[in-house]
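Below, each chain spelled out in residue letters.
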Amino acid sequence: MRPLEPAWPNNLKRAGLYLHVPFCKNLCSFCPYNRIEYDEKLFDQYERAVHEEIELYKSSLDGCEFVSLYIGGGTPTVNLNGLIRILSHLKEAFALSCDICIELHPGNMDTECLASLKNVGVSMLSVGVESTSDHILKTIGRNHDGETAIDALRRAVDVGFDSVNADLMFALPGQTLQDWEDDLRAVISEGVDQISTYPLFSFPYSDLGQSQRIRQVKRPVSRVIRAMLDLTQSYAEQAGFNRCAVWSWLKPEKKKFSSITRHHYIGFGPSAASMTGTDFYVNTFDVRAYAATLPNKRPIVLSMPVDKRLEMAYWLYWRVYELKILNNDFQDLFGSTNTLDSVFSKVLTPFEMAGMIGKKNGGYYVTESGAYWIHRLQNEYSLNYINRLWGSCRREAWPSEVFL
Ligand SMILES: C[S@@+](CC[C@H](N)C(=O)[O-])C[C@H]1O[C@@H](n2cnc3c(N)ncnc32)[C@H](O)[C@@H]1O
Ligand code: SF4
């Protein structure tokens, strides 16, 4: 990826929008996301620049249909009034009538905050519970206890959003299979619509990785991690949830809460990525550099042209992650002359023979064994792609290139 100037997304027909809010009250050492400690003055600069970035894109996205707005972080509600102003601007600038999804931290979502979010049109929430056990939350450096997290989840469910997801983390230092079962039971019994269960990734550039403590992090042994995964699957299924992605389980008839699975999207804010079908690019991660670049030009740090084959591979990657690869979806995007088999049979057949994917009416699905191997592979992907790109962009505001 290089500092190229990608084309404006004038021809986008359907896209998602993403907003990144890079501030948190407490910086968790395991966290790989682009976030810095909350500072009111810096937030003001950020907010001014986001409004300008929205204005910059407005005319080029005229005529585009927006399928969702996803707000991630950081902690998006760290300055609620600022967030509501940005959200209102996005809604008005792009005439949004789609789902609005937001990530919440248990310490920044009081009852007033939840009511304001509902009022401004937020329809789907994800709450970062992580664990319900106090000693584990303390070990991973979270600034809330288990009771606060469960109370936050309960209040979110009670408000009546279209969907509430709970994020949990497993394979954490000191976590036993019993701790994990307690976490699953606690969040499911609060009546959530979806659970997302992430194994702890230790990114070398994260604070945890940088401090060398990465080697001292004593994760459960792989036999226990496998047992945690198996327990999640059986526990969620017994509770009436269906697996909807490698690490997510969803109640029937509910809409999936998901950040990364729209095919085309435009991102606002520092470190936000955009995928237009012809280009994939990311904004500078540095909040000051981001604010200083706007309103004169887009704050894009690195970009990569995307040809048809790469766009198809990108689509396939995320469908595999969602465990469902449908021919109709593929043809809707890439035209009726392209079928999954004509384009990808050489890639898919060996996995089918190995029992990792199966053929089903209209496409392919990922089997349980396939999902386990994606889970194992995901760490490689994180290290080879996300770590290289995010690591460089976190070190420097304007790196000259990154090889993926
Ligand atoms: C941006 S955070 C969620 C919102 C909020 N900032 C919070 O922490 O509650 C997104 C989620 O990613 C997961 N996550 C963060 N760092 C992780 C890591 N190193 N390994 C695995 N999952 C991680 C956590 O489950 C977290 O809730
Ligand atoms: S896990 Fe959430 S609260 Fe913790 S630093 Fe990352 S984004 Fe902030």
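So, here is what we can say about the structure in this document. (Residues numbered from 1 in each chain as written. Chains lettered and ligands numbered in written order. Predicted model: local features only at pLDDT ≥ 70, side-chain atom pairs only at ≥ 80, totals over all residues.)

### Here's the deal with the packing of helix H1 (residues 40-58) against helix H2 (residues 80-93)
Helix packing geometry: the angle between the two helix axes and the distance between the axes. Filter applied, for reference: As a rule, the C-alpha atoms of each element are fitted with a line to give its axis, helices using only the stretch in contact, and angles between N-to-C directions run from 0 to 180 degrees. Helix and strand definitions follow DSSP, with helices as H or I runs of at least four residues and strands as E runs of at least two, each counted in order from the N terminus. To sort the angles, those under 35 degrees are grouped as roughly parallel, those over 145 as roughly antiparallel, those from 65 to 115 as roughly perpendicular, and the leftovers as oblique. Residues are scored as being in contact if the C-beta atoms we place from backbone atoms lie within 7 Å. Amino acid classes used here: Ala, Val, Leu, Ile, Met, Phe, Trp, Tyr, Cys and Pro are nonpolar; Asp, Glu, Lys and Arg are charged; the rest, including Gly, are polar.
Look at H1 against H2: their axes get within 10 Å of each other, and the N-to-C directions meet at 5°. When the interaxial angle is binned, H1 and H2 end up roughly parallel. Residues Phe43, Glu47, Val50, His51, Ile54 and Lys58 of H1 touch H2, and the partners they reach there are Gly82, Arg85, Ile86, His89, Leu90 and Ala93. In terms of residue class, the contact of H1 with H2 is made up of six nonpolar, three polar and three charged.

### Re the site of ligand 2
For the record, the criterion: A residue counts as near a molecule or strand when its C-beta atom, positioned from the backbone, falls within 6 Å of it.
Neighbouring ligand 2 are Cys24, Leu27, Cys28, Cys31, Tyr33, Arg35, Gly73, Gly74, Thr75, His105 and Gly128. Of the residues that constitute the shell around ligand 2, the class distribution is five nonpolar, five polar and one charged.

### Some points on unusual backbone geometry
Gly73 connects to Gly74 through a cis peptide bond whose omega is 20°. You can see Gly74 is positioned in the loop between strand S4 (65-73) and H2. Here the bond from Leu294 into Pro295 is cis, since omega is 10°, no more than 30 degrees from zero. Examined against the element boundaries, Pro295 turns out to sit in the loop between helix H9 (287-293) and strand S14 (300-305). Of note in this structure, Glu130 is not a glycine but carries a positive phi near 70°. Structurally, the position occupied by Glu130 is in strand S6 (residues 124-130).

### Observations concerning the site of ligand 1
As a matter of local geometry, ligand 1 sits amid 16 residues, with His105, Gly128, Asp167, Tyr198 and Phe201 nearest to it. Looking at the shell around ligand 1, the elements with two or more residues in it are S4, S6 and strand S7 (163-170). Residues belonging to the shell around ligand 1 are distributed by class as follows: eight nonpolar, five polar and three charged.

### Digging into the nonpolar core
Applied cut-off: Buried Ala, Val, Leu, Ile, Met, Phe, Trp, Tyr and Cys residues form a nonpolar core when they are connected through C-beta atoms within 7 Å. Here the C-beta atoms are placed from the backbone, and a residue counts as buried if at least 20 other C-beta atoms lie within 10 Å of its own, exposed if 12 or fewer do, and partly exposed otherwise.
Counting 72 residues, the largest nonpolar core has Leu17, Leu19, Val127, Leu153 and Ala156 as the members making the most contacts within it. Residue contacts for Leu19: discarding those within four places in its chain leaves Leu69, Ile71, Ile86, Leu90, Phe268 and Gly269. Among the nonpolar cores identified, the runner-up in size contains 14 residues, and Val246, Trp247, Ile357 and Ala371 belong to it.

### Some points on helix H10 (residues 308-321)
Stated formally: A helix is expected to reach a length of 1.5 Å times the quantity of its residues less one.
An ideal rise of 1.5 Å per residue puts 20 Å on 14 residues; H10 measures up with 20 Å between its terminal C-alpha atoms. Looking at the buried positions of H10, the neighbouring elements they touch are strand S9 (242-245), strand S15 (324-326), strand S17 (363-366) and helix H13 (368-395). Leu323, located one to two residues past H10, shows a positive phi value of around 70°.

### What to know about the sheet that holds S17
Using the following cut-off: In short, DSSP must find at least two bridges between two strands for them to pair.
On the basis of which strands lie adjacent, the open sheet formed by three strands has the order S15-S17-S16 and antiparallel pairing. Every other strand in the sheet has two partners, leaving S15 and strand S16 (357-360) as the edge strands with one partner each. Each strand of the sheet is rotated relative to its neighbour by a mean of 20°, with strand direction disregarded. Two elements, S16 and S17, share four bridges in a ladder whose sense is antiparallel. Bridge pairing links Gly358 to Tyr365 in S17.

### A look at the packing of helix H6 (residues 177-188) against helix H8 (residues 222-238)
Put simply, the test is: Handedness of a crossing is defined here by the sense of rotation of the near helix relative to the far one, left-handed for an anticlockwise turn of less than a right angle and right-handed for a clockwise turn.
Taken N-terminus to C-terminus, the directions of H6 and H8 make an angle of 25°; their axes are 10 Å apart at the nearest point. Here H6 is positioned roughly parallel relative to H8, judged by the angle of their axes. Both H6 and H8 take part in a crossing whose hand is right-handed. On H8, the residues touching Leu177, Trp180, Glu181 and Leu184 of H6 are Val224, Ala227, Met228, Leu231, Thr232 and Tyr235. Among the residues forming the contact of H6 with H8, the class breakdown is eight nonpolar, one polar and one charged.

Keep in mind that these numbers describe shape and distance, not what the molecule does.
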